[in-house]
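The primary structure of each chain is shown beneath.
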4 protein chains.
Amino acid sequence: MTLKVAVAGASGYAGGELLRILLGHPKVEIGALTAGSNAGTLLGAHQPHLLPLADRRLQETTPENLEGHDVVFLALPHGASAEIAQQLPDDTVVVDCGADFRLTDPQAWERWYGGTHAGSWPYGLPELASQRDELTDAKRIAVPGCYPTVSTLTLQPAIAEGLIEPDVVVVAASGTSGAGKSLKAHLLGSEVMGSVSAYAVGGSHRHTPEIAQNLQLAGGDAVSVSFTPLLVPMARGILATCTAALRDGVSEDDVRRAYDKSYADEPFVHVLPEGQWPTTQAVLSSNQVTIQVAMDADARRLVAVGAIDNLTKGTAGGAVQCMNLATGQPETTGLPTVGVAP
Amino acid sequence: MTLKVAVAGASGYAGGELLRILLGHPKVEIGALTAGSNAGTLLGAHQPHLLPLADRRLQETTPENLEGHDVVFLALPHGASAEIAQQLPDDTVVVDCGADFRLTDPQAWERWYGGTHAGSWPYGLPELASQRDELTDAKRIAVPGCYPTVSTLTLQPAIAEGLIEPDVVVVAASGTSGAGKSLKAHLLGSEVMGSVSAYAVGGSHRHTPEIAQNLQLAGGDAVSVSFTPLLVPMARGILATCTAALRDGVSEDDVRRAYDKSYADEPFVHVLPEGQWPTTQAVLSSNQVTIQVAMDADARRLVAVGAIDNLTKGTAGGAVQCMNLATGQPETTGLPTVGVAP
Amino acid sequence: MTLKVAVAGASGYAGGELLRILLGHPKVEIGALTAGSNAGTLLGAHQPHLLPLADRRLQETTPENLEGHDVVFLALPHGASAEIAQQLPDDTVVVDCGADFRLTDPQAWERWYGGTHAGSWPYGLPELASQRDELTDAKRIAVPGCYPTVSTLTLQPAIAEGLIEPDVVVVAASGTSGAGKSLKAHLLGSEVMGSVSAYAVGGSHRHTPEIAQNLQLAGGDAVSVSFTPLLVPMARGILATCTAALRDGVSEDDVRRAYDKSYADEPFVHVLPEGQWPTTQAVLSSNQVTIQVAMDADARRLVAVGAIDNLTKGTAGGAVQCMNLATGQPETTGLPTVGVAP
Amino acid sequence: MTLKVAVAGASGYAGGELLRILLGHPKVEIGALTAGSNAGTLLGAHQPHLLPLADRRLQETTPENLEGHDVVFLALPHGASAEIAQQLPDDTVVVDCGADFRLTDPQAWERWYGGTHAGSWPYGLPELASQRDELTDAKRIAVPGCYPTVSTLTLQPAIAEGLIEPDVVVVAASGTSGAGKSLKAHLLGSEVMGSVSAYAVGGSHRHTPEIAQNLQLAGGDAVSVSFTPLLVPMARGILATCTAALRDGVSEDDVRRAYDKSYADEPFVHVLPEGQWPTTQAVLSSNQVTIQVAMDADARRLVAVGAIDNLTKGTAGGAVQCMNLATGQPETTGLPTVGVAP
């Protein structure tokens, strides 16, 4: 069986990463590649690293051009997926890398994104609670945001086992590709090299309610999330530092056991050996999440640190992992499990 | 009046930054430059950016070579300052950039550094509580660590005014120069470029008790500090993200007023206008601290972000600021107030 | 005497660097700051590193707003200077950081820039041939391009003394700030970090004829220039590798003597001691040029390497150096002579 | 058929890259992993990106430990391969990533490396002249240096077709991983970030005679090579700018035709479409070489620019490509053909 796959938004960073992974997927034939303002140009002009597809011409992102595929990946600006998605056949697997169908609560949607809630789809994080079941054979999948992916997985065992108070503080340092290829002054190389800054401070990043939604799913109770993203001088990667007050009586052993047990069978989540800490470099271009935990005995807090590649596990790799589940293939098919370092 | 100034440890990063600033100080004559294993070599081999001093030969770091100066800066490995310092005349102004005399509590010293507590000196952060008075005309000064400098100043108004609970979480992203010129594999360019990592996680960084000591001085009560440092791909700069639960009834106005008032007269601490956030690039090579605050209404937490150049305000600039106070000069003399950007 | 100085184009990188230097100049009062589309906004929004000027509001770039100053710096897009300049009083010192008045040959201008040649002004490279005399008391000055500054000074002694054949190959690696704050996809941080590329290959960069013009001035004869610029992952700095066939009988001693002699009295050009090679880091934010030479005995070529900060000596520092000459001040007044490193 | 493969020097950068590629090779079983001073430790401590091999313990690099494998890769310090190699069975395929067997001329060896010439092995650059034939079924292979790989392939068509004079100038900008994991001060992150420098200037880099040897093989005549390597702030990648005087009568068409024809059937060498220039980012972690050419009509020179990943095509990818040839597999088996970008 070969899946015919289309990518809408093929000239952007998420689209490029989808294609990089799909080129190595043994069961995929790459079909239509579409774009917005770049329609009509060659892919090679936008994704020079994808040499085997350099001569493919980008079509317009229309339902017609996306028809006739087994799987359609949408890597479009936020808000653009809903309209396209409802015009695609019900039996096409549609995997949306945008935010349109992530939040389950219509009120949360309206507050954080504005406009009408388009609904919610099975949430593409197989490692979260019982999501894997929901994704199996799903026809519509909402890929998580990059920050929620790493923050959720880094905190899940502690929340699920009730080891920490439900007030978490997440500070996540991200490379610039998370902001996409948008032409904004603060994303210029001259501005980002040699500089670290915080943005959306005070809980105003749209990934905040998504993290809270996930942690509630993990633990059953509402979780308060203080989330601060940092922009750091690298193209790819997120390192999330997650901390919360430990519940009384929780020992370091409890913590380590909870983490080891939670992810023992997960192919893409690795709790590192004691003494080894995650680096974004070690997961560059890989679909892995690496996690390490420590107890701060003085401050009585858990500190858990997780690393991902925002474009791979944080977006395109996660999306392909979900496609595998939705199409009945081994979950790990075609997904990179080693990083590129140094 | 011209001050004759010696720098011990002139071949390292802190020593180089001291000399960069002192070369622009109108009241300073640069005297002895000393080093450890680099003694006997020319300064130009180690500090190629200090062209006017390229032909100066490094002497050994001995009390004899440091005699006869009005001011001696010690930029030595931790633990090396105490022995040298006690052999210098009492009326020499000795400014120690190391940790030896920072902690006031002997037990804290023994726990975090080991060995015998050498005592404590006036703490070189003029903007902290009543430290400016203690530094005026002081003959011995302990320059703060880089993380404590930015963390303390970023949290001080909130602690001093009782706006937050005394449990703070600090995640501080630092450039690599904070680790000095030490030849360690994880500091190689190939390892740090394109990578972010956390280290000393769980409260084990030696700057933790120093931050706690400062915040207690600021507010009168013990403060619990959860501190996680990050290594990011740049040479200079620290961005500290500091967060704590807001006390009941505290409004955004209260917060902003406290910060504005605290630092209104400080020449080197700038609370930025609303909507503008600190970047390390904007303070590169300058003695400024920039701070911005936000309230997270959902999480009921204050998030305060501060930026410094770890080598300038975080080490050498702070040291020269203290020298100015100790020698009766205007506090801002010779200190850079603008950054180098982009 | 205090000079009242205006900067047109104050929100860009060259304008910001001019202001950074002028803030440290003891004889300057900063007057009007003007901009194009940023007129009406505060300088602090564009140049957060210039804290002392953060509250200054940008005016429109008009002759009226630039009137009443002793010196006007133009840091405008290429082609915009000529029109403004002719509307400024003859006794105002006008220093143009753009290309409009650099080329002396109208045909070269038409070929490389198009349109009508606006004329040529004294060329702001005091270290080139007899330019210092022309700049003394000049009322109109054309600041060189960044690549021509470093390439010319790195090759001048060899050309002037006839040590090399007049066919030079220059490969110059530049940081991204040389391209200005323009919003172009290839200048995004995600694109430049971790990447090196060549551009304008095959001699099509507009700085090529300017280098050739300078070298002819240095040596008397036409020089053929093969120039390739590289974009490298850093914000500032240019390292120029310049090579040419050695003339028969030329020894390494001849070469070293020529370089040492040429620049012995230059305050801003340093021929490094044997064995030490230029790095862009060592001249970051300084007005220095560092140069080193080697003979390749097998290939019978001279290889000369020069480093500058493209925004300082390559633009704004060079411009202030010229202002000093034009206004009768010591040439080095207010100019940084040490770099910021690491 | 599955090949049992050992890697000597598995804790270094070349060793790590070999393992990254071999993990994706469908016909390989990874056998012994050996090291020098790191013997006895776990691979995961040195290569955290190779999660599937994290628990493998490094053995000492001895002939005994390397016995019983079909293929042995040597990724050892220069000079260490010869002794090990001669103790391995004749029918083991030995692929040396070091320099020991690259130069064919004993005198050249003595001059550039010193000591006794160990001999020369089939040279592992299948795209060079008739090397592919020599590598097929070879039992001993000398993998080229990274600079020679990209420089040779970028110049080969012009040399082979007699389009340029045999005096070439190569300036090649390299990431820091080319220098290995050696603990040297100039390789620290603080030193390399924000800095470009030249090294081994004047033709003293040991890759110079290797480039000359290759170009002579390509064209039949001796070629003079002026080679200058640059260190730039990135971990991986080389961009080589190669220029030479054009022979009389050579047109741009001649040049383009020669390049297109030379590499039309090469799976790993891509002459880019006109107007598109190589970037190191586009070949990151891929085995591809991308090349573009331009004629400088004024300077009458060819400028050819080539990009590779120094660790992949420049070392480990090239080595595996040779292993494929030597073991009768399709040359492209297991080799990455797309880059990781951005």
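Residues numbered from 1 in each chain as written. Chains lettered and ligands numbered in written order. Predicted model: local features only at pLDDT ≥ 70, side-chain atom pairs only at ≥ 80, totals over all residues. Heavy atoms only, no water.

Undergrad: Summarise the interface of chain C and chain B; cite the residues concerned and give the values.
TA: Tallying the contact residues gives 28 residues for chain C and 28 residues for chain B. Across the chain C/chain B interface, buried area totals approximately 2100 Å², and carbon plus sulfur atoms make up 71% of it. When residues of chain C are sorted by the area they lose upon contact with chain B, His49, Leu51 and Pro342 of chain C head the list and together hold 30% of the total. On inspection of chain C and its partner chain B, the count reaches 0 salt bridges. (Contact = heavy atoms within 4.5 Å. Buried area = accessible area lost by both parts, 1.4 Å probe. Salt bridge = Lys/Arg side-chain N within 4 Å of Asp/Glu carboxyl O.)

Undergrad: Talk me through the packing of helix 6 (residues 146–160) of chain A against helix 9 (residues 252–263) of chain A; I want residue IDs and the actual numbers.
TA: Residue and element names in this part refer to chain A. Between helix 6 and helix 9, the shortest axis-to-axis distance is 8 Å and the interhelical angle comes to 120 degrees. On the basis of their axis angle, the class for helix 6 and helix 9 is oblique. Crossing hand, helix 6 versus helix 9: right-handed. Packed against helix 6, whose contacting residues are Thr152, Leu153, Thr154, Leu155, Gln156, Pro157 and Ala158, the element helix 9 presents Ala258, Tyr259, Ser262 and Tyr263 at the interface. (Axes fitted to C-alpha atoms, helices over the stretch in contact; angles between N-to-C directions. Helix = DSSP H or I, 4+ residues; strand = E, 2+ residues; numbered from the N terminus. Parallel < 35°, antiparallel > 145°, perpendicular 65-115°, else oblique. Left-handed = near helix turned anticlockwise from the far one by under 90°.)

Undergrad: Can you break down empty space enclosed by the protein residue by residue, with the values?
TA: Taken as a whole and assessed by the stated rule, the structure comprises 5 cavities of 30 Å³ or more. A volume near 820 Å³ is recorded for the largest cavity. Taken together, 40 residues line the largest cavity, and the ones lying closest to its centre are Met193 and Pro233 of chain A, Pro233 of chain B, Pro233 of chain C together with Pro233 of chain D. (1 Å grid on protein atoms, 1.4 Å probe; cavity = no way out; pocket = protein on both sides within 12 Å on 5 of 7 lines; lining within 4 Å. Points joined across faces, edges and corners; volume = space filled by probe spheres on them.)

Undergrad: So what's going on with the pattern of salt bridges? Which residues, and what values?
TA: Following the criterion strictly, the structure yields 48 salt bridges over all chains and no others. The salt bridge involving Glu165 of chain B is made with Arg247 of chain B; its shortest N-O contact spans 3.7 Å. A residue pair is termed long-range when its members are at least 10 positions apart, and Glu165 of chain B in strand 7 (residues 164–174) and Arg247 of chain B in the loop between strand 10 (238–246) and helix 9 (252–263) qualify at 82 residues. Overall, the relative accessible area of 31% leaves Arg247 of chain B in the partly exposed class. Notably, a salt bridge pairs Asp298 of chain C with Arg111 of chain D, separated by 2.7 Å at the nearest N-O pair. Here Asp298 of chain C, found in the loop between strand 12 (289–296) and strand 13 (301–308), pairs with Arg111 of chain D, found in helix 4 (residues 106–112), and the two come from separate chains. Look at Arg111 of chain D and you get exposed, because its relative accessible area is 54%. A cluster of three or more residues bridged by salt bridges with shared partners is formed by Glu17, Arg20, Arg236 and Asp309 of chain A. (Buried < 20%, exposed > 50% of the residue type's maximum accessible area, 1.4 Å probe, protein only.)

Undergrad: Kindly report on unusual backbone geometry, identifying the contributing residues and their values.
TA: A cis geometry characterises the amide bond from Ala341 of chain A onward to Pro342 of chain A, with omega recorded as 0 degrees. A positive phi angle, near 70 degrees, is found at Ser285 of chain A, a position not held by glycine. The residue Ser285 of chain A is located in the loop between strand 11 (269–271) and strand 12 (289–296) in this model. Residue class for Ser285 of chain A comes out buried when judged on its relative accessible area of 2%. Phi at Asp137 of chain C is positive, roughly 70 degrees, even though this residue is not glycine. With respect to the helices and strands, the residue Asp137 of chain C is situated in the loop between helix 5 (131–135) and strand 6 (140–142).

Undergrad: Tell me about the relation of the copies chain C and chain B, and please be specific about residues and values.
TA: Superposition record for chain C on chain B: RMSD 0.0 Å, screw rotation 180 degrees, translation along axis 0.0 Å. Such a combination of rotation and displacement between the chain copies is what one expects of a two-fold axis. For chain C, the minimum C-alpha distance to the rotation axis belongs to Gly194 of chain C and amounts to 3.8 Å. (Least-squares fit on C-alpha atoms with pLDDT ≥ 70 in both.)

Undergrad: I'd love a proper account of the relation of the copies chain A and chain B, names of residues and values included.
TA: For the pair chain A and chain B, the relating rotation is 180 degrees, the translation along its axis is 0.0 Å, and the fit reaches an RMSD of 0.0 Å. With an isologous cut-off of 70% or more, the 100% of interface residues of chain A that recur at the interface of chain B puts this contact in the isologous class.

Undergrad: So what's going on with the domain arrangement of chain A? Which residues, and what values?
TA: Residue and element names in this part refer to chain A. Partitioning chain A into domains gives domain 1 (3–143 + 315–327) and domain 2 (147–308). The C-alpha-based centres of domain 1 and domain 2 are spaced at 24 Å. Buried surface at the junction of domain 1 and domain 2, summed over both partners, amounts to about 2100 Å²; 52% is from carbon and sulfur atoms. In terms of surface lost to domain 2, no three residues of domain 1 exceed Tyr13, Trp112 and Glu127, which account for 32% of the buried area on that side. (Domains from an automatic or database assignment.)

Undergrad: Can you lay out the pairing of strand 7 of chain B for me, pointing to particular residues and giving the numbers?
TA: All names here are of chain B. Among the 11 residues in strand 7, 8 count as buried, and that is most of the element. Taken together, the 8 bridges between strand 7 and strand 10 define a ladder with antiparallel strand orientation. Counted as the bridge partner of Ile164 is Leu246 from strand 10. With 8 bridges joining them, strand 7 and strand 9 (residues 224–231) adopt parallel strand pairing. When the sheet's bridge partners are listed, Asp167 is paired in strand 9 with Ser224. (Pairing = 2+ DSSP bridges.)

Undergrad: Run through the environment of Asp309 of chain C, naming residues and quoting values.
TA: Within the secondary structure, Asp309 of chain C sits in the loop between strand 13 and helix 10 (312–326). Residues within four places of Asp309 of chain C in sequence aside, it is in contact with Arg236, Gly237, Val283, Leu284, Ser285, Ser286 and Gly314 of chain C.

Undergrad: Can you lay out the pairing of strand 10 (residues 238–246) of chain C for me, pointing to particular residues and giving the numbers?
TA: All names here are of chain C. Burial of strand 10 is extensive: 8 of the 9 residues sit out of reach of the surface. Of the pairings in the sheet, the one linking strand 10 to strand 13 comprises 8 bridges and is antiparallel in character. Bridging across to strand 13, Ala244 finds its partner in Leu302.

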